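For reference, the chains in residue letters:
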Amino acid sequence: MLGVLALPATAASAATAAPASAPVNAVAERPCERPGPWVIGTKAVTIRSKATTKSTAVGVLYRGHKFTVHKTSGNWHYITDRTTGVKGWVSGTYVYRDVRICLD
C-alpha cells in the first residue's frame, strides 16, 4: 500500500518539473489570446497589382493556398501566395484573420 502512494507523488513531480531551458517567468499562451491564422473566406480571391478593384489582376489566391500578409492598407492586404509565388493586393473582405473563441 505504501508503494502505491509513492507512485503518484513521483509521477506528479516529474510531470510538473520545468525544463532547464524554459524562462522562469514564461506563461503558457492560450490559443484565444493570439491572433488566428489568415484565411480565405471564399473559393478564390483575385490578386491585384494595386489596392483597388480597378487595377490589373496578377493572379488568383485559392482556398487552401498558404500565403503571407506583408502589410495592410485600409481594407487591402499585400500578400505573397506561397503556393505560386505571386505577390499582390487582395481585399480584406475575403482575406482575414481567423477568429478564435475561448470558453472558460
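Remember, it's a predicted structure, so these values are computed and weren't measured experimentally.

1. Concerning the overall build of the protein chain
Turning to step 1, where the next piece is worked out: Scanning the protein chain for helices and strands turns up one helix and seven strands.
Turning to step 2, where the next piece is worked out: Scanning the protein chain from its N terminus toward the C terminus, one meets helices and strands in the order α-β-β-β-β-β-β-β.
Turning to step 3, where the next piece is worked out: Expressed as a percentage of its 104 residues, the buried residues of the protein chain come to 21%.
Turning to step 4, where the next piece is worked out: By sequence separation, contacts in the protein chain at least 24 residues apart represent 42% of the contacts at least 6 residues apart.
Turning to step 5, where the next piece is worked out: Counting only carbon and sulfur atoms, one obtains 59% of the accessible surface of the protein chain, whose full area is about 7,700 Å².

2. Considering the confidence of the model for the protein chain
Turning to step 1, where the next piece is worked out: Mean pLDDT over the protein chain: 76, with 66% of residues reaching 70 or higher.
Turning to step 2, where the next piece is worked out: In the model of the protein chain, helix α1 (residues 2-16) stands out as the element of lowest mean pLDDT, 44, in contrast to strand β6 (residues 87-91), which has the highest, 96.
Turning to step 3, where the next piece is worked out: Counting contacts from residues 2-19, a segment whose pLDDT is below 50, to residues more than four positions away or on other chains yields zero contacts.
Turning to step 4, where the next piece is worked out: Here residues 24-28 is modelled with pLDDT under 50, and outside its nearest four sequence neighbours on either side it reaches zero contacts, counting other chains as well.

3. Examining a nonpolar patch on the surface
Turning to step 1, where the next piece is worked out: Taken together, Val 99, Ile 101 and Leu 103 make up a surface patch of nonpolar side chains, about 400 Å² in accessible area.
Turning to step 2, where the next piece is worked out: Residue position: Val 99 is located in the segment after β7 (95-97).

4. Quick word on the nonpolar core
Turning to step 1, where the next piece is worked out: Core analysis: the largest hydrophobic core is formed by nine residues, namely Ile 40, Val 45, Ile 47, Leu 61, Phe 67, Val 69, Ile 79, Val 90 and Val 95.
Turning to step 2, where the next piece is worked out: If we ignore the near neighbours within four places in the chain, the residues touching Val 90 are Val 45, Thr 46, Ile 47, Leu 61, Asn 75, Trp 76, His 77, Ile 79 and Val 95.

5. Here's the deal with the side chain of His 65
Turning to step 1, where the next piece is worked out: Tracing the chain through its elements places His 65 in the loop between β3 (57-62) and β4 (67-73).
Turning to step 2, where the next piece is worked out: With relative accessibility at 19%, the residue His 65 sits in the buried group.
Turning to step 3, where the next piece is worked out: For His 65, the side chain forms a polar contact with the side chain of Asp 81, separated by 2.8 Å.
Turning to step 4, where the next piece is worked out: Those residues within four positions of His 65 in sequence are excluded, and the remaining contacts are Val 60, Asp 81, Thr 83 and Thr 84.

6. Considerations on the environment of Trp 76
Turning to step 1, where the next piece is worked out: Mapped onto the elements, Trp 76 comes out in strand β5 (residues 76-81).
Turning to step 2, where the next piece is worked out: A C-alpha to C-alpha distance of 9.9 Å links Trp 76 and Gly 88, two positions twelve residues apart in sequence.
Turning to step 3, where the next piece is worked out: Discounting residues that sit within four places of it in the chain, Trp 76 has contacts with Arg 48, Lys 50, Ala 51, Thr 52, Thr 53, Lys 71, Trp 89, Val 90, Ser 91 and Gly 92.

7. Looking at the packing of aromatic side chains
Turning to step 1, where the next piece is worked out: Enumeration over the complete set of coordinates arrives at one aromatic pair.
Turning to step 2, where the next piece is worked out: The ring of Tyr 78 is capped by Lys 71, whose NZ or CZ atom sits 5.8 Å from the centre of that ring.

The rules we used
Residues numbered from 1 in each chain as written. Predicted model: local features only at pLDDT ≥ 70, side-chain atom pairs only at ≥ 80, totals over all residues. Heavy atoms only, no water. Helix = DSSP H or I, 4+ residues; strand = E, 2+ residues; numbered from the N terminus. Buried < 20%, exposed > 50% of the residue type's maximum accessible area, 1.4 Å probe, protein only. Contact = heavy atoms within 4.5 Å. Areas by Shrake-Rupley, 256 points an atom, 1.4 Å probe, with all protein chains shown as cover. pLDDT = per-residue confidence, 0-100. Patch = residues over 30% accessible without salt bridge, like charges linked within 9 Å, V, L, I, M, F, W, Y side chains within 5 Å. Salt bridge = Lys/Arg side-chain N within 4 Å of Asp/Glu carboxyl O. Core = buried A, V, L, I, M, F, W, Y, C linked by side-chain atoms within 4.5 Å. Polar contact = N/O pair within 3.5 Å; in protein donor to acceptor, adjacent residues only side chain to side chain. Phe/Tyr/Trp six-rings, centres within 6.5 Å; stacked < 30°, edge-to-face > 60°. Lys NZ or Arg CZ within 6 Å of the ring centre and 35° of its normal.

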